[in-house]
Amino acid sequence: MIRRTTLLLLAIAFLASCKQRQPEAPQPSSAAEQAGAEKAAEKQAAAAEEAEKDASVASVSGKSDPACIGPIGPGETGTVTIRDRKFVRNGHELRIEGSAPEGAEVRIGVLANLNVANGENLFNLRRYLAEFEKAGVELILVAGDSGDELAAIEGNLRAVAEAGVPVLAIAGNRERTRDFVAAVENVRKEKPNLLNGHQIRQLGLHGLDIVTLPGYHDPRYIHQEAGEGCQYFVEDVKAVQELAAQAKNPVLLLAHGQPKGVTRDALDVIAPDGEHIGDSNLNEAIRAANIRFGIFANVKEAGGKALADLEGNRVVPEGEWSEALYLNPGAADSLEWTMNDGTPAHGMAAILHFKDGKASYRVYRAPKLTEAEREEAAKLAPAKVAAD
């Protein structure tokens, strides 16, 4: 009886100890699971770090200057002939006539951030135009920041228009609106192939529509005095969204400002602190209207590459065809600039290819001018710049 009682007490004690024992924390069942957990933690930490670098401001509500952001709707009509191609003008839209052979490829040269019309920049422009001609481009897009004042803007746009092909230009965050408009009008007297992207808001090519959004959204980065620069507002972004949504062809958005990114490879990352300064309203419009192609040129140090997404998760290798492609061509300015990857740049331009609903690109990186080339460039400098 005593033995039976003892055994019973031992059993009760054992059961009590089991109830009080705390469950152990689950451990990864394999090295692969542990590595996955560590990778997830690193990704979360990196995301938190990028979130701390958000210096972006979204476009606000307001009314833009119609000389900066031209109206969308009926207006001027007529036919425009550039070289052997005819375009029909209907208000905000200019569309090429005729049809292209099946499977035809559209090739476009892209420039931005010329900034000043000095001899070295004009020397580099000759290089860019030679590359464009070699590639067989049928159109050149100028994505803003062609100069700070009238003479520089006019000099740079006149030099680009020497290419003879249609040139569609917009202002960025550097130009006075009135200077940009006057410069385009002055150049067009001799070079009617230069087109004002503030008024021509949609350019229709074979298999591709180009929609423009001139100017910049954040007053902190607009160089000119309040009201003199070209500022776009959220209403302008929504108008672009509606225009793109109605387009029959895939849309290429030509803008100077950039959508808001997430990673350090995004097109809105500025030096030296790696902060993001994009416009989140652009992201919404691009997604809502399924805009699969874009040019966003403002941040020079983030240039020289294209992405397959707005966040910056994947850089598209040069020459690879992609169903979505968002390009920053880099600065055409010859002034040495340190890129976000630490490499120096001495001027860039890009060539875009479109075919069967996909795009690819190539970046031309101008070499640093030699002493002999600098002497040659000095001869190209306008008198005022040369005197300075």
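Residues numbered from 1 in each chain as written. Predicted model: local features only at pLDDT ≥ 70, side-chain atom pairs only at ≥ 80, totals over all residues. Heavy atoms only, no water.

Of note, the amide linkage connecting A271 to P272 takes the cis form, showing an omega dihedral of 5°. Looking at the element boundaries, P272 is found in the loop between β11 (269–270) and β12 (275–276). Phi is positive for N113, which is not a glycine, with a value near 55°. Turning to its location among the elements, N113 is positioned in the loop between β4 (106–111) and α3 (119–135). (Helix = DSSP H or I, 4+ residues; strand = E, 2+ residues; numbered from the N terminus.)

Before going further, it helps to spend a moment on the pairing of strand β1 (residues 77–82). As judged from the 6 bridges shared by β1 and strand β2 (residues 85–90), these two strands associate in the antiparallel manner. Looking at β2, one finds that V80 is bridged to F87. Counted between consecutive antiparallel strands, the loop separating β1 from β2 contains 2 residues, among which R83 sits at a positive phi close to 55°. (Pairing = 2+ DSSP bridges.)

This part is about the confidence of the model for the chain. Taken residue by residue, the chain gives an average pLDDT of 90. The fraction at 70 or more is 88%. This stretch, residues 1–12, has a pLDDT under 50; its non-local contacts, to residues over four places away or in other chains, come to 0 contacts. Here residues 17–23 is modelled with pLDDT under 50, and outside its nearest four sequence neighbours on either side it reaches 0 contacts, counting other chains as well. (pLDDT = per-residue confidence, 0-100. Contact = heavy atoms within 4.5 Å.)

As a further point, take the pattern of salt bridges. It is possible for side chains bearing opposite charge to pair when their charged atoms get close. Scanning the model with the defined rule gives 24 salt bridges in all. Put simply, D209 and R95 hold a salt bridge, and the shortest N to O gap is 2.8 Å. You can see D209 sitting in strand β9 (residues 208–213) and its partner R95 sitting in strand β3 (residues 93–96), a full 114 residues away along the chain. Classification of R95 by relative accessible area gives partly exposed; the value is 26%. Linking R176 and D179 is a salt bridge whose minimum nitrogen-to-oxygen distance equals 3.7 Å. The exposure class of R176 is buried, given its relative accessible area of 19%. Among the charged side chains, a salt-bridge network with shared partners connects R176, R178, D179, E225 and E228. (Salt bridge = Lys/Arg side-chain N within 4 Å of Asp/Glu carboxyl O. Buried < 20%, exposed > 50% of the residue type's maximum accessible area, 1.4 Å probe, protein only.)

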